[in-house]
Amino acid sequence: VIGSGRTDASVHAHKQTANFKCSKLLDLRRLRASLNGLLPCDIRILECEQVPLDFHARYSATSKCYHYQLSLSPVQIPFLRLYSWHIREG
């Protein structure tokens, strides 16, 4: 399995891509369901698709997008604490 890249510590990845080569023809809907049945609930396979043999999850990427979430409220919002950087007043 080849992943599209790693993330830094405390960074949350969204829509990561991975690929692998297989000599058998797979039912992609069944593959997705099977993988999601094995993975922890905070990791999900959203799509499975057949790609050209020369596709590489890391080197074939055409772009990456980074989003930085800042919490500017006086008090950190509990539901955002794992996904934002709280900027305290003053």
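Remember, predicted model here, so these are calculated numbers, not experimental data. (Residues numbered from 1 in each chain as written. Predicted model: local features only at pLDDT ≥ 70, side-chain atom pairs only at ≥ 80, totals over all residues. Heavy atoms only, no water.)

What about the overall build of the chain?
The helix and strand tally for the chain stands at 1 helix and 4 strands. Put simply, the chain runs from its N terminus to its C terminus through helices and strands in the order β-β-α-β-β. Over its C-alpha trace the chain gives a radius of gyration of 18 Å, far above what one expects of a compact globule, namely 12 Å for 90 residues. Principal axes of the C-alpha set define a box for the chain whose edges measure 60 × 30 × 15 Å. Counting only residues that meet the buried cut, the chain has 9% of its 90 residues in that class. Partitioning the intrachain contacts of the chain with sequence separation of at least 6 by distance along the chain shows that 27% fall at a separation of at least 24. Total accessible area on the chain stands at roughly 8700 Å², and carbon and sulfur atoms take up 56% of it. Distance between charge centres in the chain, computed from 12 positive and 7 negative side chains, equals 5 Å. (Helix = DSSP H or I, 4+ residues; strand = E, 2+ residues; numbered from the N terminus. Rg over C-alpha atoms; globule rule 2.2 N^0.38 Å. Buried < 20%, exposed > 50% of the residue type's maximum accessible area, 1.4 Å probe, protein only. Contact = heavy atoms within 4.5 Å. Areas by Shrake-Rupley, 256 points an atom, 1.4 Å probe, with all protein chains shown as cover. Lys, Arg positive; Asp, Glu negative; His and termini not counted. Charge placed at Lys NZ, Arg CZ, Asp CG, Glu CD.)

Considerations on the confidence of the model for the chain
For the chain, the mean per-residue pLDDT works out to 89, and 97% of the residues sit at or above 70. Confidence scores differ between elements of the chain, with strand β1 (residues 2-3) showing the lowest mean pLDDT of 89 and helix α1 (residues 28-38) the highest of 97. (pLDDT = per-residue confidence, 0-100.)

Concerning the environment of His-12
Assignment of secondary structure puts His-12 in the loop between β1 and β2 (18-19). Remark: the alpha-carbon pair of His-12 and Tyr-83, spanning 71 residues in sequence, is separated by 7.6 Å. The contacts of His-12, once residues within four sequence positions are left out, are Leu-82 and Tyr-83.

A short note on the state of the cysteines
All chains considered together, the criterion is met by 0 disulfides. With no disulfide partner, Cys-22 has as its closest neighbouring cysteine sulfur the one in Cys-48, 12 Å distant. Here Cys-22 falls in the partly exposed class, since its relative accessible area comes to 42%. (Disulfide = S-S within 2.5 Å.)

So, a nonpolar patch on the surface
A cluster of nonpolar side chains, Val-1, Phe-20, Leu-26 and Leu-28, forms an exposed patch at the surface whose accessible area comes to about 390 Å². For Leu-26, the position within the fold is in the loop between β2 and α1. Note on Leu-26: relative accessible area 35%, which makes it partly exposed. (Patch = residues over 30% accessible without salt bridge, like charges linked within 9 Å, V, L, I, M, F, W, Y side chains within 5 Å. Salt bridge = Lys/Arg side-chain N within 4 Å of Asp/Glu carboxyl O.)

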